[in-house]
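Each chain, written out:
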Amino acid sequence: MTVDQQQRPGPPAPRRRSRRDEILEIAVGLFAARGYHGVSMDDIGSAAGVTGPALYHHFAGKEAMLVAALIPVSDGLLHGGKERVARHPEDAQAALIDLIDFHVEFALANPAVIALHLHELDRLPDEPRRQIRRLQRLYVEEWVGVLATLRPELEPGEARVLAHSAFGLMNSTPFLGGEVDRRRRAALLRTATLHALIGH
């Protein structure tokens, strides 16, 4: 091993999941399965093996958990979408395929979060709900910009209709059974979404 190799830093170690992350994941799963009003803080604490006072050390309540679950997801989708579009400044079709791959992987990895978003977003107070809606609109516009380049015959409103229809396809993961393996589900979702957007 050379001196340079000895001094060169290795890849960063993956961030350890905190206890807060674990509790939030459990809460999201319970909310998705039973509905927001069907789950109490005691239910979450029991599932997480945490007593009441310890649970409130991490979160002020269920509403805070909902905010903590949904805002980072919307923010992550926007930043991830921007990054993938920026990879292909001269190739709109490659950008679209990259966007589809990105969102399909997200949807397959996070069905409980998608279910939570679909059914519980309106439970949030006005300000975090507005923040999430704004992040979502910006994410949609990343798709609209790519579609406008790829299909210049579309009006902006038409491109938005197609983008939202694509999300409907990709965000169907909470309703998909396990009879088809994950890789095949990803391939089917990618193909269906691409066909829906490019029209052939």
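In this text the structure is predicted, and so the values were computed from the model without any measurement.

**Student:** So, helix α10 (residues 182-198): which residues are in play, and what are the values?
**Tutor:** An α-helical turn contains 3.6 residues, so any two residues separated by three or four positions project in the same direction. In a regular helix each residue adds 1.5 Å, so 17 residues correspond to 24 Å; α10 covers 24 Å between its end C-alpha atoms and thus fits that length. Those residues of α10 not exposed but buried are A186, L189, T193, L194, L197 and I198. Buried residues along α10 cover an arc of 135° about the axis, so they all sit on one side. If you follow the buried residues of α10, they end up packed against α6 (92-109), α8 (126-150) and α9 (156-170). Sitting at the amino-terminal end of α10 is D181, which places a side-chain oxygen 3.0 Å from the backbone nitrogen of R183.

**Student:** Lay out the pattern of salt bridges with the relevant residues and their values.
**Tutor:** Counting across every chain of the model gives 14 salt bridges. Its salt-bridge partner being R34, residue D43 comes within 3.6 Å of it at the nearest N-O pair. Residue class for D43 comes out partly exposed when judged on its relative accessible area of 27%. When the shortest N-O distance is used, the salt bridge between R190 and D101 registers 3.5 Å. Highlighted residues: R190 in helix α10 and D101 in helix α6, separated in sequence by 89 residues. It is possible to trace a salt-bridge network through shared partners that takes in E83, R84, R87 and D98.

Parameters and conventions
Residues numbered from 1 in each chain as written. Predicted model: local features only at pLDDT ≥ 70, side-chain atom pairs only at ≥ 80, totals over all residues. Heavy atoms only, no water. Helix = DSSP H or I, 4+ residues; strand = E, 2+ residues; numbered from the N terminus. Expected span 1.5 Å × (residues − 1). Buried < 20%, exposed > 50% of the residue type's maximum accessible area, 1.4 Å probe, protein only. Arc of directions from axis to C-beta. Contact = heavy atoms within 4.5 Å. Polar contact = N/O pair within 3.5 Å; in protein donor to acceptor, adjacent residues only side chain to side chain. Salt bridge = Lys/Arg side-chain N within 4 Å of Asp/Glu carboxyl O.

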